[in-house]
Every structure is written in C-alpha cells, then in structure tokens.
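# Fold and contact review
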Amino acid sequence: MGNFVGSLLGAFRRIRLWWLRLRGETETDVHDRRIVSGRAWDEFCDNLKAAGAALGNPGAPRDPFQKAGGTRH
C-alpha cells in the first residue's frame with residue numbers, strides 16, 4: 001500500500017513539473033508568488049491553528065506540564 005501511495009505521489013509531481021514547464025514556469029516562481037501574495041504566511045498560520053486545536057482533542061494530555069510540552073512542539 002505504501003509503495004502504491006509513493007508511486008502515485010511521484011506521478012503527481014512529474015505531471016505538475018511537466019505542467020509548469022509547459023507554462024514556462026519553475027517551482028521557484030510558484031513559491032515566490034505565494035510569498036509575495038501572503039498566501040504562504042496565511043497557510044503557515046492556519047497550520048499553527050490546527051496544531052493548537054489538536055491539543056484539545058480527546059486523548060490529548062490534560063496535565064499542564066505535558067500540555068506545555070505539546071505547545072512547544
């Protein structure tokens with residue numbers, strides 16, 4: 001199963017790179033646009049929010065010391 005997922009992700013990456021070359025762009029161009037537009041920062045903040053919300057899930061430590069360790073990670 002893991003081999004299949006790896007192959008699928010590799011195929012997706014090759015298709016994406018082919019599409020970028022077809023449009024005359026590079027991955028760096030795409031990353032530069034994300035940074036200039038502020039989208040990269042928004043995604044980073046959304047990921048932090050999701051990580052913080054995971055600390056309230058059932059099964060997460062309730063001990064303040066362990067919860068602080070989870071926040072640091």
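Computed from a prediction, not measured in an experiment: that's the story for all the values here.

### So, the overall build of the protein chain
Scanning the protein chain from N- to C-terminus turns up four helices and zero strands. For the protein chain, the α and β elements follow one another from N to C terminus as α-α-α-α. Scaling as 2.2 N^0.38, a compact globule of 73 residues should have a C-alpha radius of gyration of about 11 Å, whereas the protein chain reaches 19 Å, well beyond that. Looking at the protein chain as a whole, 7% of its 73 residues are labelled buried. Roughly 6300 Å² of accessible area belongs to the protein chain as shown, and the carbon and sulfur atoms make up 64% of that amount. Charge centroids of the protein chain, computed over 12 positive and 8 negative side chains, lie 5 Å from each other.

### Description of a nonpolar patch on the surface
A surface patch of nonpolar side chains, about 410 Å² in accessible area, is lined by F4, V5, L8 and L9. For L9, the location among the structural elements is in helix 1 (residues 2-23). Of the residues examined, L9 reaches a relative accessible area of 56% and is grouped as exposed.

### So, helix 1
Between its first and last C-alpha atoms helix 1 spans 32 Å; for 22 residues at 1.5 Å apiece the expected length is 32 Å, and the two agree. Residue G24 follows helix 1 closely and has a positive phi angle near 80°.

### A short note on the packing of helix 2 (residues 27-37) against helix 3 (residues 39-54)
Look at helix 2 against helix 3: their axes get within 4 Å of each other, and the N-to-C directions meet at 75°. Classed by the angle they form, the pair helix 2 and helix 3 counts as roughly perpendicular. Each of R34, I35 and S37 in helix 2 lies in contact with helix 3, whose residues at this interface are R39, A40 and E43. Across the contact of helix 2 with helix 3, the residue classes break down as two nonpolar, one polar and three charged.

### A closer look at the side chain of E25
Locating E25 in the fold gives a position in the loop between helix 1 and helix 2. What makes E25 buried here is its relative accessible area of 16%. There is a polar contact of 2.9 Å between the side chain of E25 and the side chain of R33. Discounting chain neighbours no more than four positions away, the residues touching E25 are L20, V30 and R33.

Conventions adopted
- Numbering of residues starts from 1 in every chain and runs along the sequence as written.
- Totals for whole chains, interfaces and linings use all residues, but because this is a predicted model, local features are given only for residues with pLDDT of at least 70 and pairs of side-chain atoms are given and counted only at 80 or more.
- Side-chain measures here rest on the full set of heavy atoms in the structure, leaving out hydrogens and waters.
- Secondary structure elements are defined from DSSP: runs of H or I of at least 4 residues count as helices, runs of E of at least 2 residues count as strands, and each element is numbered from the N terminus.
- The quantity called the radius of gyration is restricted to C-alpha atoms. Its globule counterpart is 2.2 Å times the number of residues to the power 0.38.
- Relative accessible area decides the class of each residue, using a 1.4 Å probe on protein chains only: under 20% of the type maximum gives buried, over 50% gives exposed, and in between gives partly exposed.
- Note on areas: Shrake-Rupley with a 1.4 Å probe; residue coverage comes only from the protein chains shown.
- Residues scored as charged are limited to Lys and Arg (positive) and Asp and Glu (negative), so that His and the chain ends carry no count.
- The location of each charge is read from NZ of Lys, CZ of Arg, CG of Asp or CD of Glu.
- A patch consists of residues exposed above 30% relative accessible area that lack any salt bridge, with like charges linked at up to 9 Å and nonpolar side chains (Val, Leu, Ile, Met, Phe, Trp, Tyr) linked at up to 5 Å.
- Definition used for salt bridges: Asp or Glu carboxyl oxygen within 4 Å of a side-chain nitrogen of Lys or Arg.
- Multiply 1.5 Å by the residue count of a helix minus one, and that product is the helix's expected span.
- For helices, the fitted line uses only the C-alpha atoms of the stretch in contact; every axis is such a line through C-alpha atoms, and the angle between N-to-C directions lies from 0 to 180 degrees.
- Roughly parallel means an angle under 35 degrees; roughly antiparallel means over 145; roughly perpendicular covers 65 to 115; every other angle is labelled oblique.
- By the convention used here, residues are in contact when the closest approach between their heavy atoms is within 4.5 Å.
- Three residue categories are used. Nonpolar comprises Ala, Val, Leu, Ile, Met, Phe, Trp, Tyr, Cys and Pro, charged comprises Asp, Glu, Lys and Arg, and polar comprises the others, including Gly.
- In the analysis that follows, any N or O atom pair within 3.5 Å is treated as a polar contact, provided that within protein one partner can donate a hydrogen and the other can accept it, and provided that, for residues neighboring in sequence, both atoms belong to side chains.

All we've got here are geometric facts, nothing functional implied.
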